[in-house]
Every structure is written in C-alpha cells, then in structure tokens.
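What the coordinates show
Letter by letter, the chains look like this.
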Protein chains: 2
Amino acid sequence: MTDNNKIKIGLFGFGTVGQGVWKVLRQAKNAHAEIRRICVRDITKPRATAVPEGMLTDNAEDIFGDKEINLVVELVDDAEASFRIVSTALRHGIPVVSGSKAMIAKHLPELIELQRENDTALLYDASSCGSIPVIRNLEEYYDNDLLLEVKGILNGSSNYILSRVFDHGEDYDSALRRAQELGFAESDPSFDIEGYDSLFKLIIITVHALGRFVAADEIFTVGISHIADCDIRYAREKDKKIKLVAQVVKTAPEAFTMFVMPELVDRSKYIYSVDDEYNGVVIRGECYDRQFMFGKGAGGLPTASSILSDIMARRHDYRYEYKKMSYLNRPYYTTDVTLRVYIRYNRTPVPELLIFNQIHEQLLTPGNKYIIGDINLNELIANRDIFNAPDVFIANIPIFFIDRD
Amino acid sequence: MTDNNKIKIGLFGFGTVGQGVWKVLRQAKNAHAEIRRICVRDITKPRATAVPEGMLTDNAEDIFGDKEINLVVELVDDAEASFRIVSTALRHGIPVVSGSKAMIAKHLPELIELQRENDTALLYDASSCGSIPVIRNLEEYYDNDLLLEVKGILNGSSNYILSRVFDHGEDYDSALRRAQELGFAESDPSFDIEGYDSLFKLIIITVHALGRFVAADEIFTVGISHIADCDIRYAREKDKKIKLVAQVVKTAPEAFTMFVMPELVDRSKYIYSVDDEYNGVVIRGECYDRQFMFGKGAGGLPTASSILSDIMARRHDYRYEYKKMSYLNRPYYTTDVTLRVYIRYNRTPVPELLIFNQIHEQLLTPGNKYIIGDINLNELIANRDIFNAPDVFIANIPIFFIDRD
C-alpha cells in the first residue's frame, strides 16, 4: 500500500467500539482511511451514531465482493461469526484488523497459517489491553531472549469492580452493575469476572512474548466472583489489595508457566496503583529490569484509538512476523511449579481435598477459614472444580521463580 | 537484510553502555548479531570487559572499510566525534544505531536528509529514556493526529538526585556525587542537572510526536541546580514533589509549545511516583486519554537493552519514516503562552525584572521570598539570564492549555 493510496475499510460490527472507530477516523485527518461499508446483523436497530444512507448492510458479500475495500475491520461480539468473517477475509487476501480476543485466543495457530498461505496480515493489538500497545511492543521492541515475565491487570471491568469494592466499600453486585452501565463489561459479564477475558489476552500475549501458543483449557484460570468481605479485610490487614492478575513467567531458562487468578498485591508493586477501569502491564527482562505500561483498558474510544493504530500500521504494510515462534530453544510450557496461595473456604473441606507442599498459616473458625500454603500448580489444575464452589476463594501470593536480574 | 544474514556490528565507543551492549549481545542468543570490531580513542586504556585479541582498533577505517560490517553502533561520548562517525557511516550507506542524544538533537534535520539521500537508516530509540520505547511508539503507534501531549521525567540522574534530596533528606551535593558514583550521571553533570539532557530528548521526541524540529536555543530550559531547602519545604507543605519535567503540549489545535523546567508535581499525577533513576513518560491524546510508560532511564544495561532493540529492528530493515513531518496542517511552535510559575529568589529583584500577567501569591521576608504568578513564556525567555543567578529557582505549576478529551 503506497502512501498515496487511501485505506478503504469494510467494517463488521457497529457497537460501542465500531462507533468509536467511526468517530476517531473523522478526527484523525491525516489517517487517509475511510469506512466504505458497515456490515451489521440488523440494519434496522437504532444506533447513537448516524451514518450516510446506504452505509449499512447486512450482507457480508457487499464487503468481500467490493474490490475497492483493502482492509476489513472486524468488531463482532460473537466468536463464531467473528472467525468466519476473519478467515473469509484472509482467504480473499484482504488484511484484517480484529478486536475479538476470544476468537483470536482460540484460533491463533490457524490464523497464523491463514496469514502465511494468503500472504496477508491480521493485526489485533486492540484485542489486548485496549489502548496500551502491548502486542506491538512485545513483537518489535522486546524482540529478544531477555524477556522473563509479562504480568498485569488485563481486564478493565473486573479491575473497576475490585476498585469500587476495595477502595469505595461498595458491594460486589452493585459494582458489577455499575461497570455494565458504564459500558466497561463485556455482554457476558462472566468473561470479565471469571477471568476468561484476561486469559484470552494472556494467550495472545504469550505467543508474542515467548513464541508459544497454549490452549485455554491448559491454563489455570480463576476469577473474582467469589470474593467476600473477609478476603477484603484480610488483604487490608496485610496492607495489600486484591487484583485479578494474568501472568506468563519464565520458571527456568528453558521453561515458563502462566495462569490467571486473583493476587494479593503488595503496596510496593506497580500494579497496586492500577485502579478503576485501567490496565497495567509489567514487562520484566534481563538487563532492563521492569517496564511498566499503563492506560485505559476498557471503553469504546480507548479501544477505538487502538484499532486506529492497527489501521494506520497497514498503510505501511505492517504485519506481525511471529519471529519468536521460530526461535531455537523456545521455552516449554510447564505447570509443574510451586505457588504460594491464600485459600478461603467455608463448607468445602479444602484441607482434605488439596495436598499442600507446606502450610504456612491456617485459621479455623466456624465463620472464617483460610489456609496459606505452598502448592503445586498441577494440584490446583487437577482439582480446579473446587474453585467453582461459591464458598471458595483463591488468591496468589507472588513468590519469585527465578530472579536472573 | 534477510533473516538468515547475521548483523555484523562495527561499534564505536566502549564505555559503560558499549560494554553493556557487548554483554547483552552474548545473552541474547537469538539476536543473530555479533560485534566484529570496536573502535575506541585509546586502545591501551584498561577496561572491565575483556574482548578477544584484535577486536579493538583506534582507526575508524577498520570499520568503514570492512565490507562485512552491515551496522554501525555509535556510543561515543563527544557530540562532534559522534556526528563525524554517524554522517560518515550514513554516506557509506551503512545503517547506524546511535545513543548520542546531544548530537542527534542538534543535527536531526541533516541526519534525516542523509538517511534519505543514502537510502539508509539511523535508529536512536536508546537516546530517549533508556529502556522505554518512546520514539518507536510515537512513530508507529501514536501515528495520528490525536496526540495532545508528551510529558515526563526524561533524565534519570537528576531524578535520582531529587529523590535523594526529597525523600531521603540528603543534601544536594552528596546526592549528585552518589549519582555520579553509581554511573547515572553523564560525564558532564551539567547536562543532567541543568536540563540539557532532558531538552535533547524532548527535541527528538517532538520530531516523532508532532513532526516538528525545534532548535535547542529556542526552548526555555531550566534545571534543578538552584533548588534550596525552602523550595523543598514549600513543595512538602503543598503535598507536592519537585521533579524536572520536559514537555511538549498542544496549546490549540494548530499550535504547540515545549519547555524543560522543574515542576511542582501533584500527588495525583503519574509522574509523582517516578522516583530514583527511573524515567516516566505520559502520552496524552484525544480518545485514549493518558498512557503512561515507566522504566529505568539510566545505567549501562538498561540503555544497552534498548540499543539491542534498535539492532534487532535492523534485521527487518526497520527505519523511522518521519511520517508526521509530511502531515498537512502540522501544528506550529509557539512560545506565546501563559504559564503559572513559582519563583523563589533572594537578592535578585525578580518582581522588578519580570512582568507577570497576574500575581496569585507573594511572600516577602528577608530570608525567603517567592512569587506565584501567571507569566508569558516569551517573558521568561527574554529574561532567561535571571535564572542563571544562583539565588533564583523556578518551578512550573501545571495548568491546562486545552483539554479536548
């Protein structure tokens, strides 16, 4: 694509983010990009943003068959439909910008293959952490073997809820409702609060951080919905906050692990101060120690501005190279690591169900029981059903696996 | 450069950062880059890092005449020599990675021209903010008209000194000595403490943020060397910290201003928590609000890891496109803006020498005089000699020029 050519976009989906992209493109006068057609499921649905007559269609062929369109932007809130659209576009040789993290996290190996076969590009920086350029920086800037860890708060809506509960003393349910009213929460709130949204982002990040794709069901994932007042009290007593944290971390020069779970975050940590709907990512490496990136992780306009960055990258034919996937001695994924965890429970007999390597602290009263102990991640995975019980809440207490700094 | 070709580096300079690059390249096994020759001024000088026999030379021709060398890495601590090396390499068509911000800030327009004429590349992300990828992100990710402001702590060594003075009650001179012992300070400490290092970085950032080159002598620059106990007390009373802040900011849709000076930073600001030798940069834009990047801004290894990122970018023929320089309606530089400042003085009769638009607060005692007032930046520039007087200290009190969020 030369500098003189305009990007002509076929847009799929016109919800909050889609309408944000419409607005952002009108403000970015030097973008040389315009939306040519918008495909939606229901063209009669009332929308806040007015578009010219004939702009909306419900027929995907109006986009795939339009020879003028040289970029598909896919912002559809349905993973199956989203995969059909993206794979069809790539097969037509049309590059795609997508914000559908659930779909990408599921299909990434096929999507990489489709990009290669059809010599075209799929960009999805907007899919991870809204406006923070995590993927692009991992792909381009931390493009070496020095990376040790990527860890952060990747979901704005659960973080908003925890902030309301933790710092403002609201109850969990009203905080969740408020997040939904503000448009931070996904249409299915369990994505946010059960950790899946963070998980999908973590899977994508790991491909670009360490060159390894790990499927969702191999990764221990627990969210925040079982948090109770006693957990908040416990954290406060220890001068910590509870945050939902996703992390991928080297456990040895040749191995890494990854998981999503609540964490008791110490005041000295960068992510301690990441509140409300913000995301924050810490990238740790040999030589450069820690880098911290921070920005709005939810909401239509921040995500739309990130989509704009992906759109403009296509003006220079940018594509992800997935360089780290072809590195020699890529580290392998392991779940055979010891974690220190806080587990609070009531009726579920946690101490009988889980084998700890070591127990550091245990409190047993009728109303309030918890264990702090060291346990193998494999033991947690083998017994992951325990954490579906509403009376059980787990939080990671971070310990160092290796510190090669 | 294809993926199979190795990068063969001719390195100029083998001080702290040069030796850091040597170390980092040995750790980054997938970098496919090696140092082939190192040119230094004095090959007999003792150095902490041992290199193979014959690696060192004091003859630049050993590098420029070596057909195998496909990248020059220039880390020479002398702006004139550095410009000779970089311009010679570019004229030979050899791409260059440079860490010499003073030289780049001075010669950037010529260096852009030289890159174009010789169809080769000069990368210098390491020159701004050590390990934080500011330039690359401004060039690639914030590649649009939405940018409103880039503001931050760009000099690790002055920030280290202010942290020691402010948070640890050390006196200024011993804090400066410590920064030098730790290798944070430039060989000429006035670069750090008088604000020039921040200024050079700001000039480079502005080229990539707004597509405009502004020469150093057009920019109001004041450092921290006149700070006194009463300034620290004043800041503490107001629950603020004093930081050395560089900023480029849109003052209207068609105009921007820039300056480097101490700032009274409010506790609510991201940069309030940037302490010790760290750098922190806030990027503000329409739609995405504020992004914050944070990392180590001084020291041999963090800078070396940033040099490594630039080296590896050359494996994919990456070059800065300077796209924003060709934008229509680039904003123009203005110094006709009103700032609110704190000026503390003693013998210098500041109120007689400067015309304020408005004075908000004034204290006159024999030992401790200060004014808080609104003043035009042109008035400060016209009278900049005042700020050379050791009894005068100025700090910015940030006010909003425009808030288009």
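Residues numbered from 1 in each chain as written. Chains lettered and ligands numbered in written order. Predicted model: local features only at pLDDT ≥ 70, side-chain atom pairs only at ≥ 80, totals over all residues. Heavy atoms only, no water.

Scanning chain A from N- to C-terminus turns up 13 helices and 17 strands. Taken over the C-alpha trace, chain A has a radius of gyration of 22 Å; the compact-globule value for 405 residues is 22 Å, and the two agree within 12%. Sequence separation of 24 or more characterises 73% of the internal contacts of chain A that already satisfy a separation of 6 or more. Put simply, chain A shows about 15500 Å² of open surface, and 46% of that area lies on carbon and sulfur atoms. (Helix = DSSP H or I, 4+ residues; strand = E, 2+ residues; numbered from the N terminus. Rg over C-alpha atoms; globule rule 2.2 N^0.38 Å. Contact = heavy atoms within 4.5 Å. Areas by Shrake-Rupley, 256 points an atom, 1.4 Å probe, with all protein chains shown as cover.)

On to the confidence of the model for chain A, then. In the predicted model, chain A carries a mean pLDDT of 90, and 96% of its residues have values of at least 70. Reported confidence for the predicted complex is 0.81 by ipTM and 0.88 by pTM. (pLDDT = per-residue confidence, 0-100.)

Quick look at the relation of the copies chain A and chain B now. Each of the two copies of the chain can be brought onto the other by a rotation about an axis and a shift along it. It takes a turn of 180 degrees to lay chain A on chain B, together with a shift of 0.0 Å along the axis; the resulting RMSD is 0.0 Å. Taken together, these values place the two copies in the relation of a two-fold axis. Taking the C-alpha atom as reference, chain A places Met293(A) closest to the rotation axis, 2.3 Å from it. The share of interface residues of chain A whose copies in chain B are also at the interface is 100%, consistent with both copies meeting through the same surface. (Least-squares fit on C-alpha atoms with pLDDT ≥ 70 in both.)

It is worth spelling out the side chain of Asn279(A) at this point. All names here are of chain A. Along the chain, the position of Asn279 falls in strand β11 (residues 278-285). A residue is classified by how much of its surface remains accessible, and Asn279, at 0% relative accessible area, is buried. When sequence neighbours within four positions are dropped, the list of residues in contact with Asn279 reads Cys129, Ile132, Ile153, Leu154, Asn155, Gly156, Lys201, Val274, Met293, Phe294, Gly295 and Gly297. (Buried < 20%, exposed > 50% of the residue type's maximum accessible area, 1.4 Å probe, protein only.)

In this section: the environment of Ile224(B). Note that Ile224(B) resides in the loop between β8 (220-221) and α10 (229-237). C-alpha separation for the pair Ile224(B) and Asp192(B), spaced 32 residues apart in sequence, amounts to 9.0 Å.

Let us now look at the interface of chain A and chain B. At the junction of the two partners, chain A supplies 45 residues and chain B supplies 45 residues. Between chain A and chain B, the buried area comes to about 3800 Å², and carbon and sulfur atoms account for 51% of it. It is Asn30(A), Tyr141(A) and Cys287(A) that lose the most area in chain A upon contact with chain B, and together they represent 20% of the buried surface on that side. Here chain A is connected to chain B by zero salt bridges. (Buried area = accessible area lost by both parts, 1.4 Å probe. Salt bridge = Lys/Arg side-chain N within 4 Å of Asp/Glu carboxyl O.)

Another aspect to go through is the packing of aromatic side chains. Applying the stated criterion to the full structure yields 33 aromatic pairs over all chains. Between Tyr270(A) and Phe294(B), the aromatic rings sit 4.9 Å apart at their centres with planes inclined by 75 degrees, giving edge-to-face as the arrangement. Of this pair, Tyr270(A) sits in the loop between β10 (255-266) and β11 while Phe294(B) sits in strand β12 (residues 289-296), which puts the two residues in different chains. Using a relative accessible area of 22% as the deciding quantity, one classes Tyr270(A) as partly exposed. A residue is classified by how much of its surface remains accessible, and Phe294(B), at 6% relative accessible area, is buried. Lying over the aromatic face of Phe166(B), Arg236(B) brings its terminal NZ or CZ to 5.4 Å of the ring centre. (Phe/Tyr/Trp six-rings, centres within 6.5 Å; stacked < 30°, edge-to-face > 60°. Lys NZ or Arg CZ within 6 Å of the ring centre and 35° of its normal.)

A word on the pattern of salt bridges. Counted under the stated rule, the structure contains 47 salt bridges over all chains. Of the charged contacts, one joins Asp125(B) and Arg136(B) as a salt bridge, the two residues approaching to 3.6 Å between their closest N and O atoms. You can see Asp125(B) sitting in the loop between β6 (122-123) and α5 (134-140) and its partner Arg136(B) sitting in helix α5, a full 11 residues away along the chain. Both residues of the pair, Asp125(B) and Arg136(B), count as buried. Across the pair Arg340(B) and Asp374(B) runs a salt bridge, and its minimum N-O distance is 2.8 Å. In this pair, Arg340(B) is assigned in strand β14 (residues 338-345) and Asp374(B) in strand β16 (residues 369-376), connecting sequence segments 34 residues apart. Look at Arg340(B) and you get partly exposed, because its relative accessible area is 25%. When its relative accessible area of 8% is taken as the criterion, Asp374(B) is described as buried. It is possible to trace a salt-bridge network through shared partners that takes in Asp167(A), Lys241(A), Lys243(A) and Asp275(A).

Two faces make up the sheet, and in a regular strand the side chains alternate between them. Across the eight residues that make up strand β12 (residues 289-296) of chain A, a large majority, seven, are buried. Here eight bridges tie β11(A) to β12(A), and the two strands are oriented antiparallel to one another. Bridge pairing links Val281(A) to Met293(A) in β12(A). Taking the residues that link successive antiparallel strands as the turn, the β11(A)-β12(A) hairpin has three residues, and the phi of Cys287(A) there is positive, at about 80 degrees. By the bridge criterion, three bridges tie β12(A) to β12(B) in an arrangement that is antiparallel. (Pairing = 2+ DSSP bridges.)

Here we come to the sheet that holds strand β5 (residues 96-98) of chain A. Within a sheet, each strand pairs with its neighbour through backbone hydrogen bonds, oriented either parallel or antiparallel. Residues and elements named next belong to chain A. Sheet architecture is open: six strands sit in the order β3-β2-β1-β4-β5-β6, paired in parallel fashion. A strand with exactly one partner marks an edge of an open sheet, and here the two such strands are β3 (56-57) and β6 (122-123). Here three bridges tie strand β4 (residues 71-74) to β5, and the two strands are oriented parallel to one another. In the strand pairing of β5, Glu74 is matched with Ser98. Strands β1 (7-12) and β2 (33-39) of the sheet are contacted by helix α1 (residues 16-27), whose axis makes an angle of about 155 degrees with β2. (Axes fitted to C-alpha atoms, helices over the stretch in contact; angles between N-to-C directions.)

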